[in-house]
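Chain residues, written in single-letter form:
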Protein chains: 2
Amino acid sequence: MKVSVLFSGGKDSSIAAIMLGQFFEVELVTCNFGILPACHLVRSIANELGFPHRFVQLEPEILQDAMRLVVTDGFPNNGIKLIHCHALEHVAISSDVQAIADGTRRDDRVPVLSLSEVLSLESRLNVHYIRPLEGYGRKTINVLVDRYFEIEEKESALMKGAEYEFELREEIKRRYGDTEVQRIFPRHHTHSRVIKTRAEFFESPEFKRAKVRT
Amino acid sequence: MKVSVLFSGGKDSSIAAIMLGQFFEVELVTCNFGILPACHLVRSIANELGFPHRFVQLEPEILQDAMRLVVTDGFPNNGIKLIHCHALEHVAISSDVQAIADGTRRDDRVPVLSLSEVLSLESRLNVHYIRPLEGYGRKTINVLVDRYFEIEEKESALMKGAEYEFELREEIKRRYGDTEVQRIFPRHHTHSRVIKTRAEFFESPEFKRAKVRT
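Turning our attention to the packing of aromatic side chains. Considering all chains together, one arrives at 4 aromatic pairs over all chains under this definition. Measuring from centroid to centroid gives 6.3 Å for Tyr148 of chain A and Phe149 of chain A, while their planes differ by 65 degrees, and the two rings are edge-to-face. Exposure class is identical for Tyr148 of chain A and Phe149 of chain A. Each is buried. On the basis of an interplanar angle of 75 degrees and a centroid distance of 6.4 Å, the ring pair of Tyr148 of chain A and Phe23 of chain B is categorised as edge-to-face. Taken together, the residues span two chains, with Tyr148 of chain A in helix H6 (residues 138-148) and Phe23 of chain B in the loop between helix H1 (11-21) and strand S2 (25-32). For the pair shown, Tyr148 of chain A and Phe23 of chain B are each scored as buried. The residue whose ring lies beneath Arg169 of chain A is Phe185 of chain A, and the NZ or CZ to ring-centre distance is 5.0 Å.

In structure tokens form, the structure reads like this:
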């Protein structure tokens, strides 16, 4: 079974892809709005992981809707979730997609769908929706991250990547200015990005033979 | 990292073990009260999966407490959860255990711990608690089950296995009789058991080389 994994280049979606890759045929899909130059970075991580990768550009109206929600709320959670739901649906309705997945974790608050929303998505769009990290806490995921990746941690404001938050921040900055960004987004919030896989592991014959998919 | 997986011989705990076995050192642990002769069956499935396996006999008072709860409630959920919590704690406090896991799924209602209970267990006992199937729906798990196992499905009343429900039913039957069992447990409730792994898969060199644990 082919699984399309929503992929930001961050450590969670990277670990999710590795897990699923042991059992399913994985493709990585990065959904964004094309307003930040994240393409090269994300593609290079996807290449290191060794899975096929494609970009999907979402409708600009979604970013505008999310921005309005975030500015009204005064916090980013619902806007980020709105984008994530659109991304999941967009990928799920592609003609050859049977299963979608993401890297949301047990301890995540955003952008986590409720069980009812998950079941609705699966039955409306006739897909499998898998969250392979849902049963893993941060401490356990860190064991795997340390094993597989070298990570770069930076304040969100300085980070360039494909998380929805970065384009949301940028759009709010362009429209309303820096003060509004500072009002809405938590200060000193850091994001991590996979800068390198531990090549000695991924290039090992052990890993290359490791897929038990049928 | 070694992970001790609570193992009933059913399809969910078997799939959970296979998933974890790709990334961690897995041992299977079957917790029960020794009042039903499930040992041989469970051990033979564990052998087919190829992981080390041990039995743990829980304190008989736990079964008595669970039985009283079930009889008072008139339904089995809280009693089954009580046994599961004791089993998790019992395994977690073993001297060399760093991580525990079980086969609870996204769509399970029983015996699922709340997020607060999960976090409490992890921090009190200083373990990782992993639920590898938590992000998978029944439909997706069935894809994996069909790939790896031959399954036997029977009414719970006729089933012999290591699920807590079977010993609870037996204890209530001995103490209160069949009528009480019928009052409490859902009629025509079926349970499935792995009767055989698809040997052509598990014996393949592909699978034997497949572990990417380090």
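The discussion continues.
Turning our eyes to something else, we now look at the side chain of Asp12 of chain B. Residue and element names in this part refer to chain B. By the element assignment, Asp12 lies in helix H1. Owing to a relative accessible area of 19%, Asp12 belongs among the buried residues under this scheme. Asp12 has contacts with Gly103, Arg105, Leu133 and Ile141, leaving out every residue within four places of it along the chain.

Residue and element names in this part refer to chain A. Taken in spatial order, the 5 strands line up as S3-S2-S1-S4-S5 in an open sheet, and their pairing is parallel. Each having just a single partner strand, strand S3 (53-57) and strand S5 (128-130) make up the two edges of the open sheet. Direction aside, the axes of adjacent strands within the sheet are offset by 30 degrees on average. Strands strand S1 (2-6), strand S2 (25-32), S3, strand S4 (99-101) and S5 of the sheet are contacted by helix H4 (residues 77-92), whose axis makes an angle of about 155 degrees with S1.

Averaged over every residue, the pLDDT of chain A is 88; the share at 70 or more is 88%. What the predictor reports for the complex is a pTM of 0.89 with an ipTM of 0.87.

A word on the side chain of Glu167 of chain A. Along the chain, the position of Glu167 of chain A falls in helix H7 (residues 164-176). In contact with Glu167 of chain A, not counting residues within four places along its chain, are Asn32, Phe33, Gly34, Ile35, Leu36 and Leu63 of chain A.

Turning next to the sheet that holds strand S4 (residues 99-101) of chain B. Residues and elements named next belong to chain B. Taken in spatial order, the 5 strands line up as S3-S2-S1-S4-S5 in an open sheet, and their pairing is parallel. In this open sheet, the two edge strands, each paired with only one partner strand, are strand S3 (53-57) and strand S5 (128-130). Ignoring strand direction, the axes of neighbouring strands in this sheet form an average angle of 30 degrees. The strands touched by helix H2 (residues 39-49) within the sheet are S2 and S3, with S3 carrying the most contacts at an inclination of about 150 degrees.

Let us look at the packing of H4 of chain A against H7 of chain A. Residue and element names in this part refer to chain A. Two numbers describe how H4 lies on H7: the axes approach to 10 Å, and their chain directions differ by 125 degrees. Classified by the interaxial angle, the pair formed by H4 and H7 is oblique. When you trace H4 past H7, the crossing you get is right-handed. On H7, the residues that touch Gly79, Ile80, Ile83, His84 and Ala87 of H4 are Tyr164, Glu165 and Leu168. Taken together, the residues that form the contact of H4 with H7 break down as 5 nonpolar, 2 polar and 1 charged.

Scanning all chains against the criterion turns up 26 salt bridges over all chains. Lys2 of chain B is the partner of Asp96 of chain B in a salt bridge, and the nearest nitrogen-oxygen pair spans 3.1 Å. Residue Asp96 of chain B is found in the loop between helix H4 (77-92) and S4, and its partner Lys2 of chain B is found in strand S1 (residues 2-6); the two are separated by 94 residues along the sequence. Put simply, Asp12 of chain B and Arg105 of chain B hold a salt bridge, and the shortest N to O gap is 2.9 Å. In this pair, Asp12 of chain B sits in helix H1 while Arg105 of chain B sits in the loop between S4 and helix H5 (115-125), placing the two residues 93 residues apart along the sequence. Taken individually, Asp12 of chain B and Arg105 of chain B each receive the classification buried, so the pair is uniform in this respect. Three or more residues are tied together by salt bridges with common partners; here these are Asp12, Arg105 and Asp108 of chain A.

Right, let's talk about the environment of Tyr136 of chain B for a bit. Residue and element names in this part refer to chain B. With respect to the helices and strands, Tyr136 occurs in the loop between S5 and helix H6 (138-148). With relative accessibility at 3%, the residue Tyr136 sits in the buried group. C-alpha separation for the pair Tyr136 and Glu165, spaced 29 residues apart in sequence, amounts to 23 Å.

What follows concerns the state of the cysteines. Here a disulfide denotes one covalent bond, and it connects the sulfur atoms of two cysteines. As enumerated under the stated definition, the model contains 0 disulfides over all chains in all. Looking at the unpaired Cys31 of chain A, the closest cysteine sulfur is the one in Cys85 of chain A, lying at 12 Å.

In regular strands, side chains alternate between the two faces of the sheet. Residue and element names in this part refer to chain B. With 5 bridges joining them, S2 and S3 adopt parallel strand pairing. The residue of S3 that forms the bridge with Thr30 is Phe55. Crossover handedness for the path S2 to H2 to S3: right-handed.

Here we come to the environment of Leu28 of chain A. Residues and elements named next belong to chain A. Secondary-structure assignment places Leu28 in strand S2. Residue class for Leu28 comes out buried when judged on its relative accessible area of 0%. Along the sequence, Leu28 and Ser4 sit 24 residues apart, while their C-alpha atoms lie 5.8 Å from each other.

All names here are of chain A. Between H4 and helix H5 (residues 115-125), the least distance of the axes is 11 Å, while the angle of their chain directions is 25 degrees. As far as their axial angle goes, H5 and H4 are roughly parallel. Considering only the axes of H4 and H5, their crossing is right-handed. In contact with Lys81, Leu88, Glu89 and Ala92 of H4, H5 contributes Glu117, Leu121, Arg124 and Leu125. Counted by class, the contact of H4 with H5 contains 4 nonpolar, no polar and 4 charged residues.

Calculation rules
- Residues numbered from 1 in each chain as written.
- Chains lettered and ligands numbered in written order.
- Predicted model: local features only at pLDDT ≥ 70, side-chain atom pairs only at ≥ 80, totals over all residues.
- Heavy atoms only, no water.
- Phe/Tyr/Trp six-rings, centres within 6.5 Å; stacked < 30°, edge-to-face > 60°.
- Buried < 20%, exposed > 50% of the residue type's maximum accessible area, 1.4 Å probe, protein only.
- Helix = DSSP H or I, 4+ residues; strand = E, 2+ residues; numbered from the N terminus.
- Lys NZ or Arg CZ within 6 Å of the ring centre and 35° of its normal.
- Contact = heavy atoms within 4.5 Å.
- Pairing = 2+ DSSP bridges.
- Axes fitted to C-alpha atoms, helices over the stretch in contact; angles between N-to-C directions.
- pLDDT = per-residue confidence, 0-100.
- Parallel < 35°, antiparallel > 145°, perpendicular 65-115°, else oblique.
- Left-handed = near helix turned anticlockwise from the far one by under 90°.
- Nonpolar A, V, L, I, M, F, W, Y, C, P; charged D, E, K, R; others polar.
- Salt bridge = Lys/Arg side-chain N within 4 Å of Asp/Glu carboxyl O.
- Disulfide = S-S within 2.5 Å.
- Right-handed = clockwise from strand over helix to strand, strands pointing away.

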